[in-house]
Amino acid sequence: MFRRLVAISAFTTLILFISFNVHAAPDGKALFQANCASCHNPLKDATGPALKGVSSTFPTKEWVHNWVHNSSAVIAGGDKFANDLYNKWGKTQMTAFPQLSNDEIDAIIKYVDAVQPPPPPGGAATDANAPASDNTSLYTIITLALLVLVLILWRANNTLRRAAADKSGLPVEREIPVYRNKLIIAIACILVFILTGYWMVNGAVEMGRQQNYQPLQPLFYSHKVHAGINQVNCLYCHAGAEKSRQAMIPSTNICMNCHKQIKEYSGEKDHPLYTVEGTKVDGTLEIQKLYQYAGWNPDKKDYNRDEKGNILATPIQWVKIHNLPDHVYFNHSQHVKVGQVQCQRCHGPIETMDEVYQFAPLSMGWCINCHRQTQVQFTNNYYSTFEKYHKELKDGKRDGVTVEDIGGTECQKCHY
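Given the structure is predicted, the values throughout are model-derived calculations rather than measurements.

**Here's the deal with the overall build of the chain**
Alright, step 1. If you tally the helices and strands in the chain, you get 16 helices and 4 strands.
Alright, step 2. Expressed as a percentage of its 416 residues, the buried residues of the chain come to 25%.
Alright, step 3. Taking all contacts inside the chain whose residues are at least 6 apart in sequence as the whole, residues at least 24 apart take part in 61%.
Alright, step 4. Accessible surface computed for the chain: about 29,800 Å², of which carbon and sulfur atoms make up 59%.

**Here we look at the pattern of salt bridges**
Alright, step 1. This model, assessed by the stated rule, comprises 9 salt bridges.
Alright, step 2. Of the charged contacts in the structure, one is a salt bridge between lysine 289 and glutamate 286, with a shortest N-O distance of 3.2 Å. With a gap of 3 residues between them, lysine 289 and glutamate 286 both fall in helix α12 (residues 283–294), about one helical turn apart.
Alright, step 3. Accessibility expressed as a relative area gives 11% for glutamate 286, which makes it buried.

**Remarks on the confidence of the model for the chain**
Alright, step 1. Averaged over every residue, the pLDDT of the chain is 83; the share at 70 or more is 88%.
Alright, step 2. Within the chain, the element-level pLDDT minimum falls on helix α1 (residues 2–22), averaging 46, and the maximum on α12, averaging 96.
Alright, step 3. Long-range and interchain partners of residues 1–23, a stretch whose pLDDT sits below 50, account for 0 contacts in this model, where long-range means more than four residues apart.
Alright, step 4. Segment residues 121–128 is flagged for pLDDT under 50; beyond a separation of four residues in sequence, or across chains, it makes 2 contacts in the model.

**What to know about the side chain of threonine 275**
Alright, step 1. The topology assignment puts threonine 275 in the loop between β1 (273–274) and β2 (280–281).
Alright, step 2. Look past the residues within four positions of threonine 275 in its chain and what remains in contact with it is Phe220, Val281 and Glu355.

**Considerations on the packing of helix α3 (residues 61–69) against helix α6 (residues 102–114)**
Alright, step 1. The N-to-C vectors of α3 and α6 enclose an angle of 100°; their axes lie 10 Å apart at closest approach. Taken together, the axes of α3 and α6 are roughly perpendicular relative to one another. Contacts between α3 and α6 involve Lys61, Val64, His65, Val68 and His69 on the former and, on the latter, Asn102, Ile105, Asp106 and Ile109.

**Concerning helix α2 (residues 28–35)**
Alright, step 1. Along α2, the residues classified as buried are Gly28, Leu31, Phe32, Gln33 and Asn35.
Alright, step 2. Taken together, the buried residues of α2 touch α6.
Alright, step 3. Capping the start of α2, aspartate 27 holds a side-chain oxygen 3.2 Å from the backbone nitrogen of lysine 29, two or three residues further along.

**Structural notes on the state of the cysteines**
Alright, step 1. A full pass over the atoms with the stated rule returns 0 disulfides.
Alright, step 2. Sulfur of cysteine 343: no disulfide; nearest cysteine sulfur belongs to cysteine 234 and is 4.0 Å away.
Alright, step 3. Here cysteine 343 falls in the partly exposed class, since its relative accessible area comes to 26%.
Alright, step 4. Cysteine cysteine 411 shares no disulfide, and the gap to the nearest cysteine sulfur, in cysteine 414, comes to 9.1 Å.

**Remarks on unusual backbone geometry**
Alright, step 1. Positive phi, normally seen in glycine, also occurs at asparagine 212, with a value near 70°.
Alright, step 2. Within the secondary structure, asparagine 212 is located in the loop between α8 (182–205) and α9 (223–229).

What counts and what doesn't
- Residues numbered from 1 in each chain as written.
- Predicted model: local features only at pLDDT ≥ 70, side-chain atom pairs only at ≥ 80, totals over all residues.
- Heavy atoms only, no water.
- Helix = DSSP H or I, 4+ residues; strand = E, 2+ residues; numbered from the N terminus.
- Buried < 20%, exposed > 50% of the residue type's maximum accessible area, 1.4 Å probe, protein only.
- Contact = heavy atoms within 4.5 Å.
- Areas by Shrake-Rupley, 256 points an atom, 1.4 Å probe, with all protein chains shown as cover.
- Salt bridge = Lys/Arg side-chain N within 4 Å of Asp/Glu carboxyl O.
- pLDDT = per-residue confidence, 0-100.
- Axes fitted to C-alpha atoms, helices over the stretch in contact; angles between N-to-C directions.
- Parallel < 35°, antiparallel > 145°, perpendicular 65-115°, else oblique.
- Polar contact = N/O pair within 3.5 Å; in protein donor to acceptor, adjacent residues only side chain to side chain.
- Disulfide = S-S within 2.5 Å.

Okay, structure coming up:
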């Protein structure tokens, strides 16, 4: 009886724990970053008003829910407060979010109300994110010193051994210099031959590749700050990745969608910026450089124009990092949209990079190995052409179909 009560109690506790986790409160910060951050800032006006404390000015909580779900419907219904708000902000239409539940909207409001302004910058405290000191030179010096010490002790031992043999009247073998020792010469020739061959073959194989290539860019653009910390979706800037062969390098207009409001870098305390050489970067100064390229006047909040009204903008001369040979065909949409391949598969942990470098070798062998291992989204595609594979999947004879199975390693797929 006691064991049965214990089992029932444990089962009840488990059910309550699962129910608690299933009905856990939504993450207001994550929801805000994903849905609201492109137009709103909790602490200052952007495309829309600053959201901290703004919920207290709304008529009711139900009104907030209706407004977020479909602001157009609220405005069209003649609501005075909604129309006044719409007119105050230049008749800018707010995006509808019908997918958000009432609990998720409440979580967002709770989050923005709890946001506190950053403290004023303090003294020059030690920065944990500063580049660590490099001790390679010290280790090299110590290693060389130890090698010299070994050589000295070896020579001293030979000298003492010969002196002891001479004093004892024993025959002393004549020492052959190292450079005349036939065994040493033979070993050295073989090693030189092997290393030279390896160097030549590896150099020929690696010709044209530039893994770890990290050029200096005209602007210090941190992917870690944008894609990592602020969770800006890759496709917001590289919109062509799902639609065309090219991923597209964003124009300054894309940057200015946010930086018309974001005039300074506010993450200096939590994430100071450094170049790969360890030089500190002023994030606010980099934003000012962007304004110069875009022709934006932050004081007038308008673009600088010539007498004909043309914007005085200059394209940013970004340095291309990922290059494929001209005879290689690569389609971003085929991989990103159809194959559902994540950006990090080829570009590495891009959300952690302050300065982007080429992560993968992008060699033919690297691509072919990926095609051999990666399974395609086969279930709802490729019906008539590959009926054999569909039948094998249903019969349990295979657990997936790779790119190689549908011809992904044929030469003409990339070279034609």
